Amino acid sequence: MRLELPKYSERFGAVLLHDLQKVYEMDGGFQPDEVFSNPFHVIRHIEADKLFQIEKDLAIIIPTKNERLRLLEGVLCGLPHDCLPIVLSNSDTEAIDRFRLECQTVENYCCYAKKKYLIMHQRSKEMAALVKSGGYTQLLDERGLVRNGKAEGMIAGIMLARLMGKKYVGFVDADNYFPGSVFEYVRIFSAGLSQSTSPYAMVRIQWHSKPKIEGEGLFFAKWGRVSRISNLLLNRLISQYTAFETDVVKTGNAGEHAMSMELALQMDYSAGFSIETHHFVNLMERFGGVKVLPEDIPAMQQGVYLYQIESRNPHLHDAKEDGHVEEMIHQSLAVIFHSPLCTEVLKTEILGELRRLHIIKKHELPQIPVKYGSLQSLDFAKAAKIWDPEKHGNAKL
Ligand code: GDD
Ligand code: MG
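Residues numbered from 1 in each chain as written. Chains lettered and ligands numbered in written order. Predicted model: local features only at pLDDT ≥ 70, side-chain atom pairs only at ≥ 80, totals over all residues. Heavy atoms only, no water.

A.B. asks: Summarise the overall build of the chain; cite the residues concerned and give the values.
C.D. replies: Along the backbone of the chain there are 13 helices and 16 strands. A compact globule built from 397 residues should have a C-alpha radius of gyration of about 21 Å, and the chain, at 20 Å, falls within 12% of that. Dimensions of the chain, computed from C-alpha atoms along their principal axes, come out at roughly 60 × 55 × 55 Å. Of all 397 residues assigned to the chain, the portion counted as buried reaches 57%. For the chain, contacts bridging at least 24 residues in sequence account for 74% of all contacts bridging at least 6. Accessible area for the chain stands at about 18000 Å²; split by element, carbon and sulfur atoms hold 54% of it. (Helix = DSSP H or I, 4+ residues; strand = E, 2+ residues; numbered from the N terminus. Rg over C-alpha atoms; globule rule 2.2 N^0.38 Å. Buried < 20%, exposed > 50% of the residue type's maximum accessible area, 1.4 Å probe, protein only. Contact = heavy atoms within 4.5 Å. Areas by Shrake-Rupley, 256 points an atom, 1.4 Å probe, with all protein chains shown as cover.)

Following this line, the structure appears as structure tokens:
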């Protein structure tokens with residue numbers, strides 16, 4: 001793969017936020033051209049070997065809830081062969097057992113493709129038992145099952161990836177219509193992660209565009225309704241501390257992102273659809289140097305590198321019901337508002353934005369986000385004692 005070098009970077013304590021990089025060539029060729037040895041070159045060639053090395057250690061978590069089976073199969077088909085797909089489903093199991101249909105689809109596809117996979121239901125007793133055995137009970141609800149929500153599925157997925165000994169985790173939504181874009185996202189994950197000299201790294205994808213039908217033709221929108229607002233406010237959060245206005249954050253809501261396992265285990269998470277915005281907030285809280293926790297010092301010494309990379313494929317996914325977007329805006333801004341880093345000036349701006357959009361009323365405050373502490377507190381050795389991947393797919397330890 002060939003990537004543009006980031007043009008500039010913004011530092012927030014130990015966090016290095018790189019500006020957007022473009023994909024120049026999805027396939028960079030067998031060998032780099034000689035010109036790449038020139039230090040003034042603006043394109044980085046990432047050798048195929050390096051990409052494959054990372055993909056062998058990369059689990060791709062696919063959160064899914066009642067998505068079309070064809071789309072799920074398309075997503076699997078787009079993943080580079082060496083990555084391990086981990087499907088974390090919260091689909092219906094009553095009346096029509098959609099989870100059973102998903103299991104059949106994934107099993108069939110992977111049997112033909114000779115591909116390793118795992119699939120688990122987020123609300124299953126087996127998933128709950130694993131979480132409980134590791135002592136991470138904050139993820140469980142009053143019935144003792146993993147809580148509902150996309151973030152909750154993703155956290156359960158990280159746990160499985162770690163139990164499988166993976167070194168990296170990536171996330172790809174199940175409702176993607178273009179397998180080719182999934183392939184590009186994952187190649188971007190491996191190319192992005194390969195750039196990091198620190199074990200604490202994150203790669204976030206900015207879609208090239210999101211096609212929509214407008215009038216009689218297609219319109220390729222650049223920014224989503226949620227990301228437009230959350231990017232702006234995350235940038236405002238950074239500039240409140242640096243005193244310099246910035247536009248470095250371009251991927252405030254990136255559902256498609258990947259992390260090194262070191263970073264995935266170190267971070268805190270927030271519930272539902274606020275998780276992606278919270279990644280930024282939490283990186284700044286934990287590694288920004290405003291308040292230092294002893295357990296964060298090793299990561300802070302090595303640095304936390306964040307890469308934002310723009311795909312060439314457009315992103316076409318399933319249209320969800322109205323109200324979903326408002327809820328996502330509310331959840332995303334609530335994690336900024338309730339962060340100890342959020343200044344009074346920024347709080348006033350967030351309230352103004354949420355009131356302007358009629359998401360909260362005049363005297364209301366944004367909802368307090370549900371948070372989950374770092375997975376460092378999970379006892380993986382204990383969980384491993386009851387973990388049998390062969391009951392949930394064909395992958396072996
Ligand atoms: N396991 C699990 N549990 N998966 C879920 C749940 C859940 O409770 N709720 C939703 N999902 C799955 C969906 O099936 C889909 O595959 C993925 O999570 C994203 O959900 P969508 O409902 O399609 O969200 P979206 O398309 O509006 O938003 C996506 O893009 C945003 C960036 O614009 C999400 O990835 C957001 O998190 C992201 O911020
Ligand atoms: Mg979607």
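Following the structure, the description resumes.
A.B. asks: Help me get a handle on the packing of aromatic side chains, residues and values and all.
C.D. replies: Between two aromatic rings, the relevant description is the distance of the centres plus the angle of the planes. Under the counting rule described, the total for this entry stands at 1 aromatic pair. Centre to centre, the rings of Phe12 and Tyr241 are 5.7 Å apart; their planes meet at 75°, and the pair counts as edge-to-face. Of the two residues, Phe12 sits in strand β2 (residues 9–12) while Tyr241 sits in helix α7 (residues 225–242), which places them 229 residues apart along the sequence. Over the ring of Phe380 we find Arg162, and its NZ or CZ is 4.6 Å from the ring centre. Directly above the aromatic system of Tyr24 lies the positively charged group of Arg312, at a separation of 5.6 Å from the ring centroid. (Phe/Tyr/Trp six-rings, centres within 6.5 Å; stacked < 30°, edge-to-face > 60°. Lys NZ or Arg CZ within 6 Å of the ring centre and 35° of its normal.)

A.B. asks: An account of the site of ligand 1 is needed here, citing residue identities and associated values.
C.D. replies: For ligand 1, the set of nearby residues contains 21 residues, the closest of which are Glu67, Asp173, Asn253, Lys320 and His324. Interatomic distance of 2.6 Å between a side-chain N/O atom of Glu67 and an oxygen atom of ligand 1. In this structure, Asn90 approaches ligand 1 through a side-chain N or O atom, which is 3.1 Å from an oxygen atom. Protein chains shield 92% of the accessible area of ligand 1, which is 740 Å² for the free molecule. With respect to the detected pockets, ligand 1 is housed in the largest pocket. (Near = heavy atom within 4 Å. Polar contact = N/O pair within 3.5 Å; in protein donor to acceptor, adjacent residues only side chain to side chain. 1 Å grid on protein atoms, 1.4 Å probe; cavity = no way out; pocket = protein on both sides within 12 Å on 5 of 7 lines; lining within 4 Å. Sits in = over half its atoms within 2 Å of the grid points.)

A.B. asks: I'd like to hear about helix α6 (residues 179–194), residue by residue, with values.
C.D. replies: Along its 16 residues, α6 runs 23 Å from first to last C-alpha, staying within 8% of the 22 Å computed at 1.5 Å per residue. With 13 of 16 residues buried, α6 is to be regarded as a mostly interior element. (Expected span 1.5 Å × (residues − 1).)

A.B. asks: Describe the nonpolar core, listing the residues and the values that go with them.
C.D. replies: Counting 81 residues, the largest nonpolar core has Tyr269, Phe287 and Ile336 as the members making the most contacts within it. Here this core gets 9 residues from one element, more than from any other, and that element is helix α5 (residues 150–163). If we ignore the near neighbours within four places in the chain, the residues touching Phe287 are Phe12, Gly13, Ala14, Val15, Leu263, Gln266, Met267, Asn282, Asp296, Ala299, Met300 and Val304. Leu51, Val172, Val186 and Ala258 belong to the second largest nonpolar core, which has 39 residues in total. (Core = buried A, V, L, I, M, F, W, Y, C linked by side-chain atoms within 4.5 Å.)

A.B. asks: I'd like to hear about the coordination of the magnesium ion (ligand 2), residue by residue, with values.
C.D. replies: Octahedral six-donor coordination of a metal ideally yields angles of 90 or 180 degrees, compared with 109.5 degrees for tetrahedral four-donor coordination. Taken together, the protein ligands of the magnesium ion (ligand 2) are Asp175 (OD) and His317 (ND1), with distances of 2.1 to 2.2 Å. With Asp175 in the loop between β9 (168–171) and α6 and His317 in the loop between β15 (304–310) and α11 (324–337), the pair connects residues that are 142 residues apart, well separated along the chain. With relative accessibility at 27%, the residue His317 sits in the partly exposed group. (Donors = N, O, S within 2.8 Å, 3.2 Å for Na, K, Ca; no water.)

A.B. asks: Break down the packing of helix α2 (residues 69–78) against α6 for me, citing the residues and quoting the values.
C.D. replies: Contact pair α2 / α6: the axes reach a minimum separation of 7 Å and the direction vectors enclose 40°. What the angle tells us is that α2 and α6 run oblique. α6 is crossed by α2, and the crossing has right-handed handedness. Along the contact surface, α2 presents Gly74, Val75, Cys77 and Gly78, while α6 presents Pro179, Val182 and Phe183. Considered class by class, the residues forming the contact of α2 with α6 number 5 nonpolar, 2 polar and no charged. (Axes fitted to C-alpha atoms, helices over the stretch in contact; angles between N-to-C directions. Parallel < 35°, antiparallel > 145°, perpendicular 65-115°, else oblique. Left-handed = near helix turned anticlockwise from the far one by under 90°. Nonpolar A, V, L, I, M, F, W, Y, C, P; charged D, E, K, R; others polar.)

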